Amino acid sequence: MRYDDSSPAPESRDSIDPDRPWYTRRSTLAVAVAVLAPTLLAGWVLTQVVTGTGTDAKRPAALSPLPASHTAAGDAKSSASPSPSASVSPQASASTSAPAAPARGPLAGKTVVIDPGHNTGNFKHTDEIDRQVDIGTNRKECDTTGTTTNSGYMEAEFTMDVSRRLRAVLEERGVKVVLTHEAGTARPWGPCIDERARIGNEARADAVVSVHADGVSAGNRGYHVILPARVKAGGADTAAIVGPSRQLGERIGSNFSRATGSAPANYLGSGTGLVVRDDLGGLNLSTRPKVFIECGNMRDGKDAAQLMSAEWRQKAAQGIADGIVGFLGG
Ligand code: ZN
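What counts and what doesn't
Residues numbered from 1 in each chain as written. Predicted model: local features only at pLDDT ≥ 70, side-chain atom pairs only at ≥ 80, totals over all residues. Heavy atoms only, no water. Disulfide = S-S within 2.5 Å. Helix = DSSP H or I, 4+ residues; strand = E, 2+ residues; numbered from the N terminus. Buried < 20%, exposed > 50% of the residue type's maximum accessible area, 1.4 Å probe, protein only. Expected span 1.5 Å × (residues − 1). Polar contact = N/O pair within 3.5 Å; in protein donor to acceptor, adjacent residues only side chain to side chain. Contact = heavy atoms within 4.5 Å. Axes fitted to C-alpha atoms, helices over the stretch in contact; angles between N-to-C directions. Left-handed = near helix turned anticlockwise from the far one by under 90°. Nonpolar A, V, L, I, M, F, W, Y, C, P; charged D, E, K, R; others polar. Phe/Tyr/Trp six-rings, centres within 6.5 Å; stacked < 30°, edge-to-face > 60°. Core = buried A, V, L, I, M, F, W, Y, C linked by side-chain atoms within 4.5 Å. Salt bridge = Lys/Arg side-chain N within 4 Å of Asp/Glu carboxyl O. Parallel < 35°, antiparallel > 145°, perpendicular 65-115°, else oblique. pLDDT = per-residue confidence, 0-100.

Asker: Residue-level account of the state of the cysteines, with values.
Answerer: One way to say it: the disulfide is the covalent bond shared by the sulfur atoms of two cysteines. Inspection of every chain in the model, using the stated rule, returns one disulfide. What pairs with Cys142 in a disulfide is Cys192, and their sulfur atoms sit 2.2 Å apart. In this structure, the disulfide formed by Cys142 and Cys192 twists by about -90 degrees around the S-S bond and is classed as left-handed. With Cys142 in the loop between β4 (139-141) and α4 (155-172) and Cys192 in the loop between β5 (176-179) and α5 (193-202), this pair connects stretches of sequence that are 50 residues apart. As far as the burial class goes, Cys142 and Cys192 line up, both buried.

In structure tokens:
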């Protein structure tokens, strides 16, 4: 949502059938192998899950269809208690994943940090997220809960879903991607807004995007991209990123609009889909080109129907990715 700065699915893997044609041959060797193979296989699977190795390279370009828990009704429940499969999700093991393919040309060696706004656990950790942090120009809450649709689909679920889809598209292009946090990990809330900025800075990201959806009254529709204002106070100095962040934001906005068919917000930005703000810690503390995108208004019925559509979210991720790739010169 736009008034905060703060920025707050598991996948299942197919079981591997150990049966093979040779298994029907009842020699001593075959029996021994038959006994040992499941054990070895189980050990291998466990190693893969624990280390997270070898899983990202096999991940498809687009995330597989989301489980039923990603419906509006299921989100509140799934956020309260992650399903057991979350603990074995390859994505749960790390927020950073290796590129699917080596990048060539202008995308070689590029790093993009994606910041899924809010965290589904923030609702249960209000004391922690209400703590004030220094954003250079001001002090602000560590993080916020984010908004929901009228039917209960959480902004934090939306942002995580789009962020994962976005990561998949970018990795397919060979870009290194870092998420500031990920559902199913040990992090039950946050990160705080200052840490979200720091992750992008320390990754020396070539571009950073924080994914959100707005929560304003019905009838207000469309997307907008938030650009950093020029600020200099305390630990905040955006002089070096104001220009490139605008270029990044313009590219993301136009590509998002083309990919989704959404119009620029009709309630701010004068129809440009671009808004400059000086009150967001995630932007003020960034030393890397960074924007926020508010993908739509969760409190508007028509926008909400789009935000809750997996097909639409894939388009949203594709549009954001296209904007980032264009900014990076790819
Ligand atoms: Zn938000």
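Alright, that's what it looks like, and here's the rest.
Asker: Can you break down α4 residue by residue, with the values?
Answerer: When the terminal C-alpha atoms of α4 are compared, their 26 Å separation across 18 residues agrees well with the 26 Å that a helix rising 1.5 Å per residue should span. Across the 18 residues of α4, 17 count as buried, placing the element largely inside the fold. After α4 finishes, the residue Gly174 shows a positive phi value of roughly 90 degrees.

Asker: Give me the lowdown on the side chain of Asp300, citing residues and values where you can.
Answerer: Following the sequence through the fold, Asp300 ends up in the loop between β11 (290-297) and α8 (301-307). Asp300 sits in the buried class, given a relative accessible area of 7%. A distance of 3.0 Å separates a polar side-chain atom of Asp300 from the backbone nitrogen of Lys302.

Asker: Help me get a handle on the environment of Ile199, residues and values and all.
Answerer: By secondary structure assignment, the location of Ile199 is in helix α5. Residues Ile199 and Val113, spaced 86 residues apart in sequence, show a C-alpha to C-alpha distance of 7.8 Å. Contacts of Ile199, omitting those with residues within four sequence positions, involve Val113, Val178 and Thr180.

Asker: I'd like a rundown of the packing of helix α6 (residues 242-260) against helix α9 (residues 310-328), residues and numbers included.
Answerer: Closest axis-to-axis distance for the α6/α9 pair is 7 Å, and the angle between their directions is 145 degrees. The way α6 lies across α9 gives a crossing that is right-handed. For the pair formed by α6 and α9, the contact residues are Pro244, Gln247, Leu248, Arg251, Ile252, Asn255, Phe256, Arg258, Ala259 and Thr260 on the first element and Trp312, Lys315, Ala316, Gly319, Ile320, Asp322, Gly323, Ile324, Gly326 and Phe327 on the second. Taken together, the residues of the contact of α6 with α9 sort by class into 10 nonpolar, six polar and four charged.

Asker: I'd like a rundown of the packing of aromatic side chains, residues and numbers included.
Answerer: For the structure on display, the rule yields two aromatic pairs. Linked through ring pairs, Tyr223, Phe256 and Trp312 together constitute an aromatic cluster.

Asker: Pulling in residues and values, what's your account of the nonpolar core?
Answerer: With 38 residues, the main nonpolar core has Phe158, Leu170 and Ile324 as its most contacted residues. The greatest single-element share of this core, amounting to nine residues, is contributed by α9. If sequence neighbours within four positions are ignored, Phe158 has contacts with Tyr153, Val211, His212, Ala213, Cys295, Met298, Leu307, Trp312 and Arg313. One finds Val133, Ile135, Ala197 and Leu285 within the second-largest nonpolar core, a separate group that totals 10 residues.

Asker: Could you give an account of the pattern of salt bridges, naming the residues involved and the relevant values?
Answerer: Scanning the entire structure with this criterion turns up 13 salt bridges. Notably, a salt bridge pairs Glu250 with Arg246, separated by 3.6 Å at the nearest N-O pair. With Glu250 and Arg246 both in helix α6 and four residues apart, the pair spans about one turn of that helix. The exposure class of Glu250 is partly exposed, given its relative accessible area of 38%. It is possible to trace a salt-bridge network through shared partners that takes in Asp115, Asp143 and Arg196.

Asker: An account of the environment of Asn266 is needed here, citing residue identities and associated values.
Answerer: Examined against the element boundaries, Asn266 turns out to sit in the loop between α6 and β10 (274-277). Sequence-wise, Asn266 and Gly219 are 47 residues apart; in three dimensions their C-alpha atoms are separated by 8.8 Å. One polar contact links the side chain of Asn266 to the main-chain amide nitrogen of Arg221, over a distance of 2.9 Å.

Asker: So what's going on with the packing of α4 against α9? Which residues, and what values?
Answerer: Helix packing geometry: the angle between the two helix axes and the distance between the axes. Where α4 meets α9, the axes come as close as 8 Å, and the angle between the chain directions of the two elements is 50 degrees. The orientation of α4 relative to α9 falls into the category oblique. Judged by the twist between their axes, the crossing of α4 over α9 is right-handed. Contact with α4, carried on its side by Phe158, Asp161, Val162, Arg165, Leu166, Val169 and Leu170, involves Ala310, Trp312, Arg313, Gln314, Ala317, Gln318, Ile320, Ala321, Ile324 and Val325 of α9 and no other residues of that element. Across the contact of α4 with α9, the residue classes break down as 12 nonpolar, two polar and three charged.

Asker: Tell me about the side chain of Thr260, and name the residues and values.
Answerer: Mapped onto the elements of the fold, Thr260 is located in helix α6. Reaching out from Thr260, the side chain makes a polar contact with the backbone oxygen of Phe256 at a distance of 2.7 Å. Contacts of Thr260, omitting those with residues within four sequence positions, involve Trp312, Lys315 and Ala316.

Asker: Lay out the confidence of the model for the protein chain with the relevant residues and their values.
Answerer: Chain-level statistics for the protein chain give a pLDDT mean of 79 and a share of 68% at 70 or above. In the predicted structure, residues 2-33 sits below a pLDDT of 50 and forms 74 contacts with residues beyond four places in sequence or in another chain. Counting interchain partners and residues more than four positions distant, the pLDDT-below-50 stretch residues 44-95 has 79 contacts.

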